Amino acid sequence: MSAQQQVITIDDISADNAPAIYIAGGLGQFFDAVKAEVTGEVPDLTTRKGRERIASLAATVSKSKAAVEKPGRDYLRRLKEMPKVVEAELRDFVTKMDNLRDSTRQPLTDWENAEQARKDKHVDGIDSMKDMALFGATPPASVVARMIADLEAIEINDGWEEFLAEAAQVKDQTLAKLRTLHAERTQYEAEQAELTRLRLEKEARDKKDNEDRIAREAAEEATRKAEAKAQQDREAEAQRVRDEKAAAEKRENDLKLQAADAERKAEQSKREKVEAEQKAERDRLQGIEDQKRAVEQARLDEKARADAAADEILRQAAAREADKAHQAKINRAALEAFIAGGMPEACAKQAVTMIAQRKIPAVSISY
């Protein structure tokens with residue numbers, strides 16, 4: 001085959017023969033033919049005709065390349081479209097087959113779903129009974145009792161179908177757990193209530209003891225203040241008497257000075273002397289009278305304060321006697337309790353005495 005015939009053959013490439021041409025190594029023959037054609041002669045570059053011939057040979061190569069490439073590209077585009085067509089066809093086929101399969105199996109699927117729903121209903125009921133014995137935190141007895149009542153209200157009959165035996169067993173087991181828990185919680189709550197009662201009673205006793213102590217301390221403080229006030233009043237009264245005595249002495253000295261002055265002035269005026277002596281006498285007598293009244297009033301005030309202090313002492317003595325009688329009564333009750341408990345009387349007396357004297361650590365008698 002000549003090179004010219006080969007180029008023509010290239011021009012004859014079509015869609016029909018493309019699958020046999022565009023294969024591995026299938027285009028080598030066309031390249032060889034074109035190469036043989038353009039390298040079979042050596043044009044003279046020194047002449048215009050030779051240079052034109054070289055350009056013509058290069059154009060022949062480009063034309064041959066286009067003649068092979070264009071149908072190859074068209075064939076390649078058809079090959080690229082084929083997977084899409086095949087994919088669409090397969091997808092449509094698979095979808096139809098899946099729908100046919102699902103519609104064929106639908107009655108069985110519906111039956112299986114209904115059967116599963118029926119079983120799930122029984123399983124959920126059994127799980128619900130089990131969950132009735134589960135609590136996030138320890139519940140009070142009242143809550144457990146309510147759960148027991150709710151569980152007892154659940155009927156175990158033929159409606160449970162093949163789950164009847166399991167439902168009956170779970171109900172019995174759960175009831176047993178709840179009843180055990182209810183008994184435990186009931187006992188615990190009763191114990192806590194008793195502990196609370198005892199604690200409140202102790203707090204009340206402690207509060208009363210504290211109030212009694214405060215009252216005693218307040219009474220003792222009041223007694224101390226009263227005694228201090230009485231002492232202060234006595235000292236103030238004594239100071240007042242001393243002040244009045246000093247004042248009287250001063251007045252008496254003043255009178256003497258006045259008398260002396262009157263005597264010195266007697267020579268100047270007899271009348272003035274007489275008047276001065278009379279006035280001095282009146283003042284003296286009045287001062288003596290005032291002093292007598294003041295002393296008498298001080299005596300009366302002191303007597304009143306002394307009487308009040310005596311009354312207060314008698315009252316306190318009576319209170320102490322009453323307190324002693326109260327303590328004796330409580331000590332007697334403690335003594336009798338010791339004796340009733342089997343302790344000999346002498347030992348009981350000694351025990352009460354030592355406790356009352358606070359000689360026994362951590363033990364005391366509340367009065």
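Rules used throughout
Along each chain, numbering runs from 1 in the same order as the chain's sequence is written. Given that this is a predicted model, residues contribute local features only at a pLDDT of at least 70 and side-chain atom pairs are listed and counted only at 80 or more, while totals for whole chains, interfaces and linings are drawn from all residues. Remark: hydrogens and water are excluded; side-chain values derive from all non-hydrogen atoms of the structure. Only runs of H or I of at least four residues qualify as helices and only runs of E of at least two qualify as strands under DSSP, and these elements are numbered from the N terminus. With C-alpha atoms as the basis for the radius of gyration, the globule rule is written as 2.2 Å multiplied by the number of residues raised to the power 0.38. Here a residue-residue contact requires only that any non-hydrogen atoms of the pair lie within 4.5 Å. Surface exposure here means Shrake-Rupley accessible area, sampled with a 1.4 Å probe, where a residue is shielded only by the protein chains that are shown. In this tally, Asp and Glu contribute negative charge and Lys and Arg positive charge; neither His nor the terminal groups of the chain are included. Working definition for charges: the position is that of NZ of Lys, CZ of Arg, CG of Asp or CD of Glu. An expected span of 1.5 Å times one less than the residue number is assigned to each helix. For every residue, the accessible area obtained with a 1.4 Å probe (protein chains only) is divided by the maximum for its type, and the residue is called buried under 20%, exposed over 50%, and partly exposed between those limits. It is the directions from the helix axis to the C-beta atoms that the arc portrays. Between rings of Phe, Tyr and Trp, where Trp is taken as its six-membered ring, a pair exists when centres lie within 6.5 Å; planes separated by under 30 degrees are stacked, by over 60 edge-to-face, and by other angles tilted. As defined here, a cavity is a set of points on a 1 Å grid over the protein atoms alone where a 1.4 Å probe fits but cannot get out. A pocket is an open set with protein on both sides within 12 Å along at least five of seven lines, and residues line them when an atom is within 4 Å of a point. Grid points are joined across faces, edges and corners, and a volume is the space filled by probe spheres set on the points. In the scheme used here, Gly and all other residues not listed as nonpolar or charged are polar, with Ala, Val, Leu, Ile, Met, Phe, Trp, Tyr, Cys and Pro taken as nonpolar and Asp, Glu, Lys and Arg as charged. Patch rule: a residue counts if its relative accessible area is over 30% and it has no salt bridge; like charges are joined within 9 Å, and nonpolar side chains (Val, Leu, Ile, Met, Phe, Trp, Tyr) within 5 Å. The term salt bridge refers to a pairing of a side-chain nitrogen on Lys or Arg with a carboxyl oxygen on Asp or Glu at a separation within 4 Å.

Comments concerning the overall build of the protein
Item 1. Summing up its helical and strand segments, the protein has eight helices and zero strands in all.
Item 2. Along the protein, helices and strands appear, N-terminal first, in the series α-α-α-α-α-α-α-α.
Item 3. Relative to the globule expectation of 21 Å for 367 residues, the C-alpha radius of gyration of the protein, 68 Å, shows a markedly less compact shape.
Item 4. At a minimum sequence separation of 6, the contacts of the protein that also span at least 24 residues come to 59%.
Item 5. Here the protein has roughly 27200 Å² of accessible surface; of this, 57% comes from carbon and sulfur atoms.
Item 6. Positive and negative side-chain charges in the protein, numbering 65 and 73 respectively, have mean positions lying 6 Å apart.

A look at helix α3 (residues 28-39)
Item 1. Here α3 spans 16 Å end to end across twelve residues, near enough to the 16 Å set by a 1.5 Å rise per residue.
Item 2. Residues of α3 that are buried include every one of Phe30, Ala33, Val34, Glu37 and Val38, and no others. Axial view of α3: buried residues confined to an arc of 120°, hence all on one face. The exposed residues of α3 that point more than 90 degrees off its buried face are Phe31 and Thr39.

Quick notes on the packing of aromatic side chains
Item 1. Throughout the structure, instances matching the rule amount to one aromatic pair.
Item 2. Measuring from centroid to centroid gives 6.1 Å for Tyr22 and Tyr75, while their planes differ by 25°, and the two rings are stacked. One end of the pair, Tyr22, is in the loop between α2 (18-21) and α3; the other, Tyr75, is in helix α4 (residues 48-131), with 53 residues separating them in the sequence.

Remarks on the environment of Leu175
Item 1. Mapped onto the secondary structure, Leu175 falls in helix α6 (residues 164-265).
Item 2. Linking Leu175 and Lys130, residues 45 residues apart in sequence, is a C-alpha distance of 9.4 Å.
Item 3. For Leu175, the contacting residues outside a window of four places in its chain are Ile148, Leu151 and Glu152.

Things to note about the layout of surface pockets
Over the atoms rolls a probe the size of a water molecule, and in doing so it shows where empty space is left.
Item 1. Approximately 800 Å³ is the volume attributed to the largest pocket.
Item 2. Asp212, Arg216, Glu220, Asp323 and Gln327 are, among the 24 residues lining the largest pocket, the residues nearest its centre.
Item 3. Those elements that provide at least two residues to the lining of the largest pocket are α6, α7 (270-340) and α8 (345-356).
Item 4. Tallying contributions element by element places α6 first for the lining of the largest pocket, with nine residues.
Item 5. Split by residue class, the lining of the largest pocket holds seven nonpolar, six polar and eleven charged.

With respect to the side chain of Gln316
Item 1. The residue Gln316 is located in helix α7 in this model.
Item 2. Taking relative accessible area as the criterion, Gln316 reaches 11% and is therefore assigned buried.
Item 3. In this view, Gln316 contacts Thr223 and Glu227; residues no more than four positions away in its chain are not counted.

With respect to unusual backbone geometry
Item 1. Phi at Glu161 takes a positive value of approximately 55°, unusual for a residue other than glycine.
Item 2. Along the chain, Glu161 turns up in the loop between α5 (141-152) and α6.

So, a negative patch on the surface
Item 1. Residues Asp120, Asp124, Asp127, Asp131 and Glu166 make up a contiguous surface patch of negative charge.
Item 2. With four residues, the single largest contributor to the negative patch is α4.
Item 3. The topology assignment puts Glu166 in helix α6.

What to know about the side chain of Arg185
Item 1. Structurally, Arg185 can be placed in helix α6.
Item 2. In this structure Arg185 is buried but unpaired, with Glu189 as the nearest side chain of opposite charge at 4.5 Å.
Item 3. For Arg185, the contacting residues outside a window of four places in its chain are Thr138, Pro139 and Ala141.

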